[in-house]
Amino acid sequence: QVQPVESGGGLVQAGGSLKLSCTASEDTFRTWAVAWFREAPGKEREFVAAITSGDSTTYYATSVKDRFTISRDNAKNTVTLKINSLKPEDTAVYYCAGRRWAMSSATVDVRHFESWGQGTQVTVSS
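Residues numbered from 1 in each chain as written. Predicted model: local features only at pLDDT ≥ 70, side-chain atom pairs only at ≥ 80, totals over all residues. Heavy atoms only, no water.

A. Just the nonpolar core, in detail. Trp36, Val48, Phe68, Ile70, Val79, Leu81 and Tyr94 are the most contacted members of the largest nonpolar core, which has 37 residues in total. At the level of secondary structure, the elements contributing two or more residues to this core comprise β3 (18–23), β4 (33–39), β5 (46–51), β6 (58–60), β7 (68–73), β8 (78–83), β9 (92–99) and β11 (120–125). (Core = buried A, V, L, I, M, F, W, Y, C linked by side-chain atoms within 4.5 Å. Buried < 20%, exposed > 50% of the residue type's maximum accessible area, 1.4 Å probe, protein only. Helix = DSSP H or I, 4+ residues; strand = E, 2+ residues; numbered from the N terminus.)

As structure tokens, then:
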């Protein structure tokens, strides 16, 4: 099973930017749909963005649309989440998750992803 690993989190000021990376050593990672989720303290893990494997179709939560950009580089087995104009409400642990099978807007939910990374902390100060 593919094991994604997140990196790139840290402490940033509001308005700043971050680039989160999700990588896997397995070449099959490029055939998986990949999504980013986040979990703030005391809150449910929520969907942030996703990208398909076939045509790299992207999906975004309304709350992050236009600020977050998800992309993938299959040659590097990497999925990137670029975050601009960070807000304090973006503070959370960000998780990368993979789904072996095809996905759609109907499957952008925690229960539809089977392989999870450990998470990377993003903290946005005021």
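B. Seen up close, the pairing of β8. Within β8, five of the six residues are buried, leaving the element largely enclosed by the surrounding structure. Where β3 and β8 come together, six bridges link them in antiparallel fashion. Among the inter-strand pairings, Leu18 is bridged to a residue of β8, identified as Ile83. The pairing of β7 with β8 spans six bridges and is classified as antiparallel. Bridge pairing links Thr69 to Lys82 in β8. (Pairing = 2+ DSSP bridges.)

C. Expanded view of the sheet that holds β8. Read from one edge of the open sheet, four strands run β1-β3-β8-β7, paired in antiparallel fashion. Both outer strands of the open sheet, β1 (5–7) and β7, are each paired with one neighbouring strand and no more. Here the strands of the sheet are splayed against their neighbours by 20° on average, with no regard to which way each runs. (Axes fitted to C-alpha atoms, helices over the stretch in contact; angles between N-to-C directions.)

D. Quick peek at the state of the cysteines. Within this structure, the stated rule accounts for one disulfide. A sulfur-sulfur separation of 1.9 Å characterises the disulfide bridge that pairs Cys22 with Cys96. For the disulfide bridge between Cys22 and Cys96, the dihedral angle about the S-S bond is near -75°, and by the sign convention the bridge is left-handed. In this pair, Cys22 is assigned in strand β3 and Cys96 in strand β9, connecting sequence segments 74 residues apart. The class for Cys96 is buried, based on a relative accessible area of 0%. (Disulfide = S-S within 2.5 Å.)

E. Seen up close, the side chain of Thr120. Here Thr120 shows up in strand β11. With residues near it in sequence (within four places) discarded, Thr120 still touches Glu6, Ser7, Gly8, Gly9, Leu20, Ala92, Val93 and Tyr94. (Contact = heavy atoms within 4.5 Å.)

F. Region of the structure containing the pattern of salt bridges. Scanning all chains against the criterion turns up five salt bridges. Two residues, Arg67 and Asp90, come together in a salt bridge whose shortest N-O distance is 2.8 Å. Here Asp90 lies in the loop between β8 and β9 and Arg67 lies in the loop between β6 and β7, a separation of 23 residues in the sequence. An identical accessibility class is assigned to Arg67 and Asp90; each is buried. With a closest N to O distance of 2.9 Å, Asp109 and Arg111 form a salt bridge. Residue Asp109 is classed as partly exposed on the basis of its relative accessible area, which comes to 29%. (Salt bridge = Lys/Arg side-chain N within 4 Å of Asp/Glu carboxyl O.)

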